[in-house]
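Summary of structural features
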There are 2 protein chains.
Amino acid sequence: MKTLQVALGARSYPIYIGPGAMGLPELAEHIAGTEVLLVTNTTVGPLYADQLCAALSGYRLERVTLPDGEAYKTLDALMPIFDAALTARFGRRLTVVALGGGVIGDMAGFAAASYQRGVPFIQIPTTLLSQVDSSVGGKTGVNHPLGKNMIGAFYQPKAVFADTAVLATLPPRELSAGLAEVIKYGLLGDRLFLAWIETHLAALMALDADLMADAIAQCCAMKAAIVADDEREAGGRALLNLGHTFGHAIEAHQGYGSWLHGEAVAVGLIMAAHCSAELGLLSLDDVSRVTRLCALAGLPTQPPKGMRPGDFLTHMAVDKKNQDGRLRLILMRQLGDAYIEDAVNERALMATLEGSCCV
Amino acid sequence: MKTLQVALGARSYPIYIGPGAMGLPELAEHIAGTEVLLVTNTTVGPLYADQLCAALSGYRLERVTLPDGEAYKTLDALMPIFDAALTARFGRRLTVVALGGGVIGDMAGFAAASYQRGVPFIQIPTTLLSQVDSSVGGKTGVNHPLGKNMIGAFYQPKAVFADTAVLATLPPRELSAGLAEVIKYGLLGDRLFLAWIETHLAALMALDADLMADAIAQCCAMKAAIVADDEREAGGRALLNLGHTFGHAIEAHQGYGSWLHGEAVAVGLIMAAHCSAELGLLSLDDVSRVTRLCALAGLPTQPPKGMRPGDFLTHMAVDKKNQDGRLRLILMRQLGDAYIEDAVNERALMATLEGSCCV
């Protein structure tokens, strides 16, 4: 078992990573009161909720099972969580436990942030994507029809338990989507980690327990360092959005839930590499290397058929990474070295969009 | 014009108090970007929104007018705020301006706390109750059918403009409801202020501008001192709930919006005095003095007809001021000196309920 500390002053917390993490006795240490509300979904609940509930048998425990999928990540869909907590008369010492992927973590986290103006919460992420990405950062929230994650809070968990054993039941497509975020960390800040991923990709896809824990720990450590510097996303944290501005445009165009987030990010990473090459920062070999790695990880490498440059521009204009109407992109000076480009060169952007879209 | 600074470290902010406060040039100083979303309601909007919009003519400005009343303080009812902000493509530098009473301040504040995980917000409270009470404390949120203010956030405004000129259009019943909170501050921590209120009550009810600004400033200063000590309501802040546990029970029993919050608090103050007398802390003369002051301020002095002791107990059990199931009350050692009673004497409580209910 690996343990990593996310250093955020009074809001610091540990991440436990490895097979069987959700069965650790440390779980109880992070529950302050006697009341627990378990929030899960219809996919993960039947697989793992009973086992978790057994471990929590000493508490006054209620369970909420939400429908599975990004389409249900709405303000309305939070109500069953509040209903259950209030029906059980849970007070301000309630601990909310999120068992599921990124959607469940975001929703349960925002519900915990808002219930009686904030109660403690614990994350048990069950997808690779949520283990590497949602475990750190404190971003919680729901979607609005006009934009993703537009309603939410910055709210830190008391602890995260990234149980790699549960990845055995993850559909291969979701495993690939998680690997897209792993690749992102290599590309944004660690050239050696990028090479390590290339070397071990087959073993990671075969769920080698040690290598998987290493990969998750490395991503969480990188994200923790960035977030510790910039908890409220005033500056450097934007680097984490490498591939996400293009990716969000794809998700918005397709309708949330059609492409997986990680799939859209993979294409976004390739497009960011492409755009960096247009600016003369990366070589075409670099772009090919990113494309090849995504393809080997089972990820798409081109925007959805029929999506045009204009579709990207429409959706990128509303993306929240813009300040005062200017388009901001995260690009790469070289592979493993991302930066914030606040004045995107329009020619390079259009060349990227036209070169990427397969219409 | 009076100015008061609420000292909360990086989240400190000023309160401007006096006639014409909403027209101050300081308003613009507290708006960082170019985007403003004005949130008001169908009662206050027609009276004051045009004048405010004229003062904000230099900004990209949108206006949302919500229905008036506690019955509309729901999670659902926040959506028009998010819809307007996203339709206008407002970004993270948006400033939300709340023009209205406590309900508008709570809703707009929670919307600001949640929009893109937090944008700046400014309060322009237009009722006496919101000027003395909601201006300080950072409590925002909405109601749930099973409990008041159960969904929300602690979120501080950038500035508050308490314009006493707008009190001229406040219905007398709402002016009285505001005076209940003013009386609460005298009772909870300042015997001299209590005597000052008794002396000047008639002038306050006649809206004497100087005395009203003095009263508001005194209440805000007292609340600011308490909140600065205990921003997240871990301890001493509970003193501010003097009269509120009984009062919330009355509101819940009647259905939110039937009694005004301040009316319920007035009866709650009298009941807290009664209970303190049952414990031998206050004299019967003290109880009469509280009752008389509330009556002179045009406030009710008894629970609604037909509300029984059992109704109080039912609603008080779900009140969030309880910890681990124990009933907590704020009582008085003497008039002007409130304290937190964590182990309420059941006999004294029952005697209070039976002596107060007029069935």
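Residues numbered from 1 in each chain as written. Chains lettered and ligands numbered in written order. Predicted model: local features only at pLDDT ≥ 70, side-chain atom pairs only at ≥ 80, totals over all residues.

Attention shifts here to the interface of chain A and chain B. Counting residues at the interface gives 30 residues for chain A and 30 residues for chain B. The set of elements that each furnish at least two residues to the side of chain A that touches chain B consists of helix 3 (79-87), helix 4 (102-114), strand 7 (139-144) and strand 8 (147-154) of chain A. Looking at the side of chain A that touches chain B element by element, the count peaks at 6 residues for strand 8 of chain A. (Contact = placed C-beta atoms within 7 Å. Helix = DSSP H or I, 4+ residues; strand = E, 2+ residues; numbered from the N terminus.)

Turning next to the confidence of the model for chain A. In this model, chain A carries a mean pLDDT of 93, and residues with pLDDT of at least 70 account for 96%. As scored by the predictor, the complex reaches a pTM of 0.90 and an ipTM of 0.88. (pLDDT = per-residue confidence, 0-100.)

The next point concerns the relation of the copies chain A and chain B. Least-squares fitting of chain A to chain B yields an RMSD of 0.0 Å, with the transformation described by 0.0 Å of translation along the axis and a rotation of 180°. In the structure described here, the two chain copies are related by an operation that fits a two-fold rotation axis. If distances are taken from each C-alpha of chain A to the rotation axis, the shortest is found for Asp 76 of chain A, at 3.5 Å. Comparing interface residues between copies, 100% of those in chain A also sit at the interface in chain B, which points to an isologous, same-surface contact. (Least-squares fit on C-alpha atoms with pLDDT ≥ 70 in both.)

Next up on the list: unusual backbone geometry. All names here are of chain B. You will see that Arg 89, though not glycine, has its phi angle at about 55°, which is positive. Structurally, the position occupied by Arg 89 is in the loop between helix 3 (79-87) and strand 5 (95-100). A residue is classified by how many C-beta atoms lie within 10 Å of it, and Arg 89, with 16 of them, is partly exposed. Even without glycine at this site, Arg 117 takes up a positive phi of about 65°. If you trace the backbone, Arg 117 turns up in the loop between helix 4 (102-114) and strand 6 (121-125). (Buried ≥ 20, exposed ≤ 12 C-beta atoms within 10 Å, placed from the backbone.)

This next bit is on the environment of Ala 112 of chain A. Residue and element names in this part refer to chain A. Tracing the sequence through the fold places Ala 112 in helix 4. Spatially, the C-alpha atoms of Ala 112 and Lys 2 are 26 Å apart, while their sequence positions differ by 110 residues. The residues touching Ala 112, leaving out its near neighbours within four places in the chain, are Val 96, Val 119, Phe 121 and Tyr 155.

Time to look at the sheet that holds strand 3 (residues 35-41) of chain B. Residues and elements named next belong to chain B. One open sheet holds the 7 strands; their spatial order is 1-2-9-6-5-3-4, and the pairing between them is mixed. Sheet topology places strand 1 (2-6) and strand 4 (60-66) at the edges, where each strand pairs with a single neighbour. Ignoring which end each strand starts from, the neighbouring axes of this sheet average 15° apart. Sheet topology note: the strand 6/strand 9 (residues 159-163) ladder contains 2 bridges and is parallel. (Pairing = 2+ DSSP bridges. Axes fitted to C-alpha atoms, helices over the stretch in contact; angles between N-to-C directions.)

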